[in-house]
Amino acid sequence: MSRITLVEYDPLWPSLFDEQARFITALLSPFVREIHHIGSTAIPGMAAKPKIDIDAVITDPGALPGLSARLSKAGYACHGDPHANGLRTFTAATLPYGTRLYLCGDDNAAHAERMLFRDALRENPDLARRYETLKRQLASKAGGDWDIYTNGKRAFIEAVLATCSTKKAPPSPAGPSY
């Protein structure tokens, strides 16, 4: 098992997202409706795993095979839908941090929840600090066991989502979105 590594917030993360968002939007044109910076690298000041996480909402789920081929040619590895939540997962060893890209349709519930959770952490610095503390504790405790790390965050995430007034993320155009 690989060790779970968190790195301190890097102020370059937003610009690295912008760069990848432009590349992904151009590569997958005209099928990208929205593109969003998600995960802990999208939360100012928060420590995170060293990967830029991106959700790209596509206009035509039927185009997925062709989009997967485009991403593969551009150096992205496809990991399928590992959590059976409608998020097709791709990774690339971009520098200086890796990229994890998720493709989904605009009605994807997992995407909507990720947007709500991200926005809640951005709006509430105390909540973000508590989440970061939990992640650090879990990374230390997990000893490389990703199930312990991921499942250990679940109750916190569900509690935050329970306080959100809606389960639908607001739409935004293709291009960088924070």
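Right above here is the structure, for reference.
This report concerns the structure included in the present document. (Residues numbered from 1 in each chain as written. Predicted model: local features only at pLDDT ≥ 70, side-chain atom pairs only at ≥ 80, totals over all residues. Heavy atoms only, no water.)

What follows concerns the packing of helix H4 (residues 125-142) against helix H5 (residues 146-162). Two numbers describe a pair of packed helices, the interaxial angle and the distance between the axes. Packing of H4 against H5 leaves a shortest axis separation of 8 Å and a crossing angle of 160 degrees. Taken together, the axis directions place H4 and H5 in an arrangement best described as roughly antiparallel. When the axes of H4 and H5 are compared, the crossing they make is right-handed. Facing H4, whose interface residues are Leu127, Arg130, Tyr131, Leu134, Lys135, Leu138, Ala139 and Ala142, H5 presents Ile148, Tyr149, Gly152, Lys153, Phe156, Ile157 and Val160. Taken together, the residues that form the contact of H4 with H5 break down as 11 nonpolar, 1 polar and 3 charged. (Axes fitted to C-alpha atoms, helices over the stretch in contact; angles between N-to-C directions. Helix = DSSP H or I, 4+ residues; strand = E, 2+ residues; numbered from the N terminus. Parallel < 35°, antiparallel > 145°, perpendicular 65-115°, else oblique. Left-handed = near helix turned anticlockwise from the far one by under 90°. Contact = heavy atoms within 4.5 Å. Nonpolar A, V, L, I, M, F, W, Y, C, P; charged D, E, K, R; others polar.)

Our next topic: the sheet that holds strand S1 (residues 32-38). Sheet strands pair by backbone hydrogen bonding; their relative direction is either parallel or antiparallel. Spatially, S1-S2-S5-S4-S3 is the arrangement adopted by the 5 strands of the open sheet, whose pairing is mixed. Strands with a single pairing partner mark the edges of an open sheet, and in this sheet they are S1 and strand S3 (77-78). Bridge count between strand S4 (residues 88-92) and strand S5 (residues 98-104): 5 bridges; the pairing is antiparallel. Paired with Arg88 across the two strands is Leu103, which belongs to S5. Strands in contact with helix H1 (residues 13-27) are S1, strand S2 (51-58) and S5; relative to S1, the strand with the most contacts, it is inclined by about 160 degrees. Together, S1, S2 and S5 form the strand contacts of helix H3 (residues 109-123), whose direction differs from that of S1 by roughly 45 degrees. (Pairing = 2+ DSSP bridges.)

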